[in-house]
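Here is what each chain is made of, one letter per residue.
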Amino acid sequence: MAGNWKMFKTPAQTKDFFAAFLPLVAESKHCEIAICPPFVNIAAAVDAAKGSRVGVGAQNLYWKNEGAFTGEISGPMIKASGAEWVIIGHSERRQFFGETDATVLERTKAALAAGLKPIVCVGEMLAEREANQTDAVLTTQFNGGIAALSPEEFAQIVIAYEPVWAIGTGKVATPDMAADAHRTIRGLVNAKYGADAASKVRILYGGSVKPDNVKGLMAQPEIDGALVGGASLEAASFASIVNF
Ligand code: PGA
């Protein structure tokens, strides 16, 4: 269960969140929990999460380790700041910041090389779903990106299926719709990496996951967890998602 805070909260607000959140998930041993705050809050989050089961993640990384790349942050820097996870290829990065399947692959490799666990996002836009292109889009994103990982690399990633039309809109994919897309992704994994990899890879659903719809989504055996945006900003609401 991963929270993507996007561009929200300051270090002080991060500290307050953890103070409220940790007691609510202290007994939640059924899943891994991660919070992905903005870069500037990673240190505060790592400090606040110390001794708990909650991991911290970044929301992006650049694929070079260091250099003249103003404004960028590298995998080794994120790792050294104490984070374990990194979200890669979020649709907001694809839509607003020019992320492509090729750069998703570069970032995923760099994250793995730095010892971070990538959460790689895929998903279709509304017009693509309406044109029955969902499977084709997922196939292109998979084959043009993470399918170039070695089997050893692939075994370390988590995939997040995030239909773009469901993100921040309150329009959640029905559990059946999400499960269908997850089956498509698992089929792609099976074709490329084999049945064992397909059964082991964790596929999270993301897009308007809330306390009141998480149970139905998680009832689908295809759905291994959730990547939560808006509802992860408030401790009680994210805790109730974790404890679905
Ligand atoms: P949302 O965002 O839960 O606010 O829809 C999900 C995401 O973008 O990861």
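You'll find the structure just up there.
Reading the values: the criteria
- Residues numbered from 1 in each chain as written.
- Predicted model: local features only at pLDDT ≥ 70, side-chain atom pairs only at ≥ 80, totals over all residues.
- Heavy atoms only, no water.
- Helix = DSSP H or I, 4+ residues; strand = E, 2+ residues; numbered from the N terminus.
- Rg over C-alpha atoms; globule rule 2.2 N^0.38 Å.
- Buried < 20%, exposed > 50% of the residue type's maximum accessible area, 1.4 Å probe, protein only.
- Contact = heavy atoms within 4.5 Å.
- Salt bridge = Lys/Arg side-chain N within 4 Å of Asp/Glu carboxyl O.
- Axes fitted to C-alpha atoms, helices over the stretch in contact; angles between N-to-C directions.
- Parallel < 35°, antiparallel > 145°, perpendicular 65-115°, else oblique.
- Left-handed = near helix turned anticlockwise from the far one by under 90°.
- Nonpolar A, V, L, I, M, F, W, Y, C, P; charged D, E, K, R; others polar.
- Pairing = 2+ DSSP bridges.

S.K.: What is the right way to read the overall build of the protein chain from this model?
M.R.: Looking only at helices and strands, the protein chain has twelve helices and eight strands in total. The C-alpha atoms of the protein chain give 17 Å as radius of gyration, which agrees with the globular expectation for 244 residues (18 Å, within 12%). Once the C-alpha set of the protein chain is aligned to its principal axes, its extents read approximately 45 × 45 × 35 Å. Considering the protein chain as a whole, with its 244 residues, one finds that 52% of them fall into the buried category. In the protein chain, once contacts between residues fewer than 6 apart in sequence are set aside, the share between residues at least 24 apart is 70%.

S.K.: Whenever I open this one, the pattern of salt bridges confuses me. Can you help?
M.R.: A side chain of one charge can pair with a side chain of the opposite charge when the charged atoms of the two come close. This model, assessed by the stated rule, comprises 13 salt bridges. One salt bridge in this structure joins Arg-94 and Asp-101, with 2.7 Å as the shortest N-O distance. For Arg-94, a relative accessible area of 18% puts it in the buried group. The salt bridge involving Asp-196 is made with Lys-200; its shortest N-O contact spans 2.8 Å. Here the residue Asp-196 and the residue Lys-200 both occupy positions in helix α10 (residues 195-200), the gap between them amounting to four residues, near one helical turn. Here Lys-200 falls in the exposed class, since its relative accessible area comes to 58%. Three or more residues joined by partner-sharing salt bridges are found here, namely Glu-32, Glu-84, Lys-117 and Arg-202.

S.K.: What is the right way to look at unusual backbone geometry in this model?
M.R.: Trans is the prevailing form of peptide bonds, just as negative phi is the prevailing case for residues other than glycine. In the Ramachandran plot, Lys-6 falls in the positive-phi region, its phi being about 55° despite a non-glycine side chain. Looking at the element boundaries, Lys-6 is found in the loop between β1 (2-4) and α1 (11-25). Given the relative accessible area of 19%, Lys-6 is considered buried. Phi is positive for Ser-208, close to 60°, though the residue is something other than glycine. Looking at where Ser-208 falls in the secondary structure, it is placed in the loop between β7 (203-206) and α11 (214-218).

S.K.: For this particular structure, what's the right way to read the packing of α1 against helix α12 (residues 235-242)?
M.R.: A pair of packed helices is captured by two measures, namely the crossing angle of their axes and the spacing between those axes. Running from N to C, α1 and α12 point in directions that differ by 25°, and their axes come no closer than 9 Å. Classified by the interaxial angle, the pair formed by α1 and α12 is roughly parallel. At the point where α1 passes α12, the crossing takes the right-handed sense. Packed against α1, whose contacting residues are Phe-17, Ala-20, Phe-21, Leu-24 and Val-25, the element α12 presents Ala-235, Ala-236, Phe-238, Ala-239 and Val-242 at the interface. Of the residues belonging to the contact of α1 with α12, the class tally is ten nonpolar, no polar and no charged.

S.K.: Explain the pairing of strand β6 (residues 158-161) to me, please; I cannot follow it from the model alone.
M.R.: Sheet faces and side chains relate simply in a regular strand, where the side chains alternate between the two faces. In β6, alternate side chains face the same way, and those of Val-158 and Ala-160 on one face and Ile-159 and Tyr-161 on the other are all buried. The sheet contact formed by strand β5 (residues 117-122) and β6 spans four bridges and is parallel. Paired with Ile-119 across the strands is Val-158, a residue of β6. As paired elements, β6 and β7 share three bridges and run parallel to each other. Its bridge partner being in β7, Tyr-161 is matched across the sheet by Tyr-205.

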